[in-house]
Amino acid sequence: MNIVIFGPPGAGKGTQSNLIVKQFKLHQLSTGELLREEIKNKTELGKKISTIINSGNLVSDDTVGNLIKRYISDKTYKNRIIFDGYPRNLIQARNLDKLLSQYNQKVDIALKLSVSLEVIKRRILERKSLEKRADDSEEIAIKRFVTYENNIRPVIDFYKQSNLLKVVNGEATISEINIEISGLIEGIKG
Ligand code: AP5
Ligand code: MG
């Protein structure tokens, strides 16, 4: 089973993915975390993308497409990936379907975590004192939220049309959301 989880910055994608990977023995693929690793390791790619990420914009579709392809093409992860933060626009959503089908896989469920900007600002500022992410200022958090809103509508429609979309209230507690998501995943496992 492959799962897509999306939602605005601070929606809890990472938090929920972490719980789900343990419960269902999946592999978490966070494009944001992979990109931050590149920056931390000062790779060529890392140098190119740091300004983009730290300003709250999206890196190119090709860049993230290459990152996810590495995992999709690897048998170790076959039908076991939770995509955290990918896709973020329609091009990426289509690319994901295409890549998965090349390796005889598909998206089985798309979880949308809905959270308001007010709640997000609070969470990101709280996380700032714990994790020290370079893009966790209030200003950049708002910019990331706007970037998300500007790109995500067609992704929502894309998964709605294929009957894969499940909308989850991301403002409930971490454990309430986990229970809801686990139930949804159990439901598709049949
Ligand atoms: P990415 O790393 O994906 O960041 P994001 O989307 O901004 O989301 P976050 O990681 O900030 O939040 P989250 O939803 O994981 O929430 P979390 O669980 O941490 O992307 C970073 C950047 O990389 C992008 O801006 C872009 O530049 C680039 N990028 C990544 N993917 C890309 C792509 N596909 N295409 C192009 N560019 C891409 O929770 C947040 C905080 O809230 C935590 O402290 C947590 O403990 C707390 N919390 C979580 N849930 C709850 C809850 N229910 N109640 C209370 N607190 C909670
Ligand atoms: Mg995250």
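Only a predicted model underlies this, so the values are computations on that prediction, with no experimental measurement involved.

Considerations on the pattern of salt bridges
Overall, the coordinates contain ten salt bridges when judged by the stated rule. When the shortest N-O distance is used, the salt bridge between Arg144 and Asp136 registers 3.1 Å. Classification of Arg144 as buried rests on a relative accessible area of 11%. A salt bridge links Arg153 to Asp157, with the nearest nitrogen and oxygen atoms 3.4 Å apart. Remark: Asp157 and Arg153 occur in helix 7 (residues 138–161); sequence separation between them is four residues, near one turn of the helix. When its relative accessible area of 45% is taken as the criterion, Arg153 is described as partly exposed. Relative accessible area serves as the criterion here: at 29%, Asp157 is assigned to the partly exposed category. Because the salt bridges share partners, they merge into one network encompassing Arg127, Arg133, Asp135, Asp136 and Arg144.

Observations concerning the packing of helix 4 (residues 61–72) against helix 5 (residues 90–102)
At a minimum axis distance of 11 Å, the contact between helix 4 and helix 5 shows a crossing angle of 25°. The angle between helix 4 and helix 5 places the two elements in the roughly parallel class. Handedness of the helix 4/helix 5 crossing: right-handed. Along the contact surface, helix 4 presents Asp61, Val64, Gly65, Ile68, Lys69 and Ile72, while helix 5 presents Ile91, Gln92, Asn95, Leu96, Leu99 and Leu100.

Calculation notes
- Residues numbered from 1 in each chain as written.
- Chains lettered and ligands numbered in written order.
- Predicted model: local features only at pLDDT ≥ 70, side-chain atom pairs only at ≥ 80, totals over all residues.
- Heavy atoms only, no water.
- Salt bridge = Lys/Arg side-chain N within 4 Å of Asp/Glu carboxyl O.
- Buried < 20%, exposed > 50% of the residue type's maximum accessible area, 1.4 Å probe, protein only.
- Helix = DSSP H or I, 4+ residues; strand = E, 2+ residues; numbered from the N terminus.
- Axes fitted to C-alpha atoms, helices over the stretch in contact; angles between N-to-C directions.
- Parallel < 35°, antiparallel > 145°, perpendicular 65-115°, else oblique.
- Left-handed = near helix turned anticlockwise from the far one by under 90°.
- Contact = heavy atoms within 4.5 Å.

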